[in-house]
Amino acid sequence: MKQEKTTKILEMILLIISIILIIVISFFGILRKNLNSWENIIPNYELGKELSKMRVLTFSIDTSTKEVEEKSEETSDETSADVDKTVSKDDENSKDEDKSKETEKTEEAEKKEVPVNPEENLTKDNYEKSKSIIEKRLAKAEITDSEIVVNKETGDINIYVPFNDFANKVSDYVTKQGKIEIIDTETKKVLIPQNMISSVSGYSTISSSDNEEEQTTSSNNETKYDFGLQLKFTNEGVNKLAEVTKTYIDVLDEEGKSNPKTVDLQIDGETAYTTYFDPDGTYTELNIPIYSGISKEQYDTYRENVDVKETNINTGLMPIVYVANETTYLENDFNKNVIIIGIIIFAIINIILGIVLIVKYKGKGFLAFIAQVRIYSSIFTINKNSKRNSYYIWYDFSRCTCINKLHVYSKIII
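Definitions and limits used
Residues numbered from 1 in each chain as written. Predicted model: local features only at pLDDT ≥ 70, side-chain atom pairs only at ≥ 80, totals over all residues. Heavy atoms only, no water. Patch = residues over 30% accessible without salt bridge, like charges linked within 9 Å, V, L, I, M, F, W, Y side chains within 5 Å. Areas by Shrake-Rupley, 256 points an atom, 1.4 Å probe, with all protein chains shown as cover. Salt bridge = Lys/Arg side-chain N within 4 Å of Asp/Glu carboxyl O. Helix = DSSP H or I, 4+ residues; strand = E, 2+ residues; numbered from the N terminus. Buried < 20%, exposed > 50% of the residue type's maximum accessible area, 1.4 Å probe, protein only. Pairing = 2+ DSSP bridges. Axes fitted to C-alpha atoms, helices over the stretch in contact; angles between N-to-C directions. Contact = heavy atoms within 4.5 Å. Phe/Tyr/Trp six-rings, centres within 6.5 Å; stacked < 30°, edge-to-face > 60°. Lys NZ or Arg CZ within 6 Å of the ring centre and 35° of its normal. Polar contact = N/O pair within 3.5 Å; in protein donor to acceptor, adjacent residues only side chain to side chain. Expected span 1.5 Å × (residues − 1). Arc of directions from axis to C-beta.

Draft legend 1. Layout of a nonpolar patch on the surface. A contiguous nonpolar patch, built from I340, I344, I348, I352 and V356 and spanning about 440 Å² of accessible area, is present on the exposed surface. Mapped onto the elements of the fold, I340 is located in helix α8 (residues 336-361). Owing to a relative accessible area of 43%, I340 belongs among the partly exposed residues under this scheme.

Draft legend 2. The sheet that holds strand β14 (residues 285-294), seen in detail. On the basis of which strands lie adjacent, the open sheet formed by three strands has the order β10-β11-β14 and antiparallel pairing. Each edge of the open sheet carries a strand with a single partner, namely β10 (197-206) and β14. Taken pair by pair, the neighbouring strands of this sheet meet at an average axis angle of 20°, ignoring direction. Bridge count for strand β11 (residues 225-233) against β14 is seven bridges, and the pairing is antiparallel. Opposite L231, over in β14, you have L286 as the bridge partner. Along the sheet face, helix α6 (residues 235-247) touches β11 and β14 and points at about 115° away from the line of β11. Against the sheet, helix α7 (residues 299-314) touches β10, β11 and β14, its axis set at about 170° to β10.

Draft legend 3. Just the sheet that holds strand β15 (residues 322-330), in detail. The four strands lie next to each other as β6-β7-β3-β15, forming an open sheet whose pairing is antiparallel. Edge positions in the sheet fall to β6 (147-150) and β15, since each has one partner strand and no second. The mean inter-strand angle of the sheet, taken between neighbouring strand axes irrespective of direction, is 20°. Both strand β3 (residues 54-61) and β15 contribute to a ladder of seven bridges, which runs antiparallel. Counterpart to M54 in the pairing with β15 is L330. Each of β3, β6, β7 (157-162) and β15 is contacted by helix α3 (residues 124-140), which is oriented at about 165° to β6, the strand it contacts most.

Draft legend 4. Focus on the pairing of β3. Of all the eight residues making up β3, seven are buried; the element is thus mostly covered by neighbouring parts of the structure. Sheet topology note: the β3/β7 ladder contains six bridges and is antiparallel. Residue pairing for β7: T58 is matched across the bridge by N158.

Draft legend 5. Structural context of the environment of A371. Its place among the elements puts A371 in helix α9 (residues 363-386). On a C-alpha basis, the gap between A371 and I16 in space is 8.7 Å, while along the polypeptide they are 355 residues apart.

Draft legend 6. Expanded view of unusual backbone geometry. With phi around 65°, E142 is a residue other than glycine that occupies positive phi space. Considering the arrangement of structural elements, one finds E142 in the loop between α3 and β6. For K188, which is not glycine, the phi dihedral falls at a positive 65°.

Draft legend 7. Broad picture of the packing of aromatic side chains. Scanning the entire structure with this criterion turns up four aromatic pairs. A centroid spacing of 5.0 Å and a plane angle of 80° characterise the contact between Y225 and Y299, whose relative ring orientation is edge-to-face. Here Y225, found in strand β11, pairs with Y299, found in helix α7; they are 74 residues apart in sequence, far enough to count as distant. Y299 carries the same exposure label as Y225, and that label is buried. Arranged with centres 4.9 Å apart and planes meeting at 70°, the rings of Y291 and Y302 form a pair that is edge-to-face. With Y291 in strand β14 and Y302 in helix α7, this pair connects stretches of sequence that are eleven residues apart. Residue classification places Y302 among the partly exposed positions, given a relative accessible area of 22%. Three or more aromatic residues joined by ring pairs form one cluster here, namely Y225, F227 and Y299. Over the ring of Y248 we find K261, and its NZ or CZ is 5.0 Å from the ring centre.

Draft legend 8. View of the pattern of salt bridges. According to the stated counting rule, one finds six salt bridges in the structure shown. The salt bridge partner of K188 is D264, with a shortest N-O separation of 3.8 Å. Residue K188 is located in the loop between β8 (180-184) and β9 (190-192), and its partner D264 is located in strand β12 (residues 263-267); the two are separated by 76 residues in the primary sequence. For K188, a relative accessible area of 47% gives the class partly exposed. You can call D264 buried: its relative accessible area is 3%. Here D307 and R303 are joined by a salt bridge, their closest N and O atoms 3.1 Å apart. Pair noted here: D307 and R303 are both in helix α7, with a separation of four residues, about one helical turn. On the basis of relative accessibility, which here comes to 28%, the residue D307 falls in the partly exposed class.

Draft legend 9. The arrangement of the side chain of T262 in detail. Along the chain, T262 falls in the loop between α6 and β12. Polar side-chain contacts of T262 include one of 2.8 Å to the side chain of T185.

Draft legend 10. Highlighting α6. Compared with an ideal rise of 1.5 Å per residue, which puts 13 residues at 18 Å, α6 spans 19 Å between its outermost C-alpha atoms and is within 8% of the ideal. Listing the buried residues of α6 in full gives G237, L241, V244 and T245. Viewed along the axis of α6, the buried residues span an arc of 95°, placing them on a single side of the element. In α6, the exposed positions that point more than 90 degrees away from the buried face belong to N235, E236 and N239. Looking at the buried side of α6, the elements it contacts are β9, β11, β12 and β14.

So this is what it looks like as structure tokens:
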């Protein structure tokens, strides 16, 4: 009997400690060290766009043109000049040499202006496909409280997002196609197209320098970071990569100097990295450095840049290129102080109710009050991590008050 009573007391103590721990986590969060600072891994509440300021970002189809090179063969017919009837042998030899060059062929690079968005790409299906890709990108970037509206006639896109720091990233997910390919540096021929690359993932490593003097004198031995993308290939892509890595290698010219044949990794038409390969190496995937020598203070910024590239590439190629237009701000008449006042009133009522319970039911009343606070704390924490719309807060409050509270009281007091 005594042992059973001791067990119940220990269980009650453990329950109270668990409840207090949940309350502390809900109100104060969980801190962890992030480089040179501490951050709370449980996010704070942010009002949704319906209850606060809203940003409306407008994007339209890019109507500009781009310059491309086309190689064409031209035949240059060189005609000989009239020759005097009396010519020397030297002149006749010169004439024969000219005739041998009459049909010489030369390659000339012709530059041509073409639309960034070809006319045949401007269809309603592609407008909807672009919208779907943008939705995936914003969801992966955890910009969930957004609304995308597409004009099916013009293709223009309006995106409604809350007025917060996440809104600044939206443009990066809309104006970039997410195109990646490996090309010949000199001829610009596509060697490995995007459909041979199965996925990419961002990575970061601590910088290493081959220069010992640079290591000891650089920024007082401050730690630097490198960022890049790891490319994984399809079966066809692995075979093509094996072929490319045997061709694009370092070779020596007639003077014995290094003259490597290189490839470019291009992301959205811009060269991100130029390299060549070891002919004796075996490659099934590639680690491509994008940024190097980044300080701790800049770490988060460049990490986000790599994350944007990873998200854009993995969510699919945008069929249409968009440009950012104006950004407008809409402010709701709803006052944030109303929520704060409501929470304070709600807390006061529950404290008074808790005091009444403790006075009337003593220890059981205290347990009922603690359990009630635990319920609210748990729901606050879940809502913070789920990043749901602000309206759910009030739904959960009402659900606690009408159902859970009665359940707790009936179990503990009665």
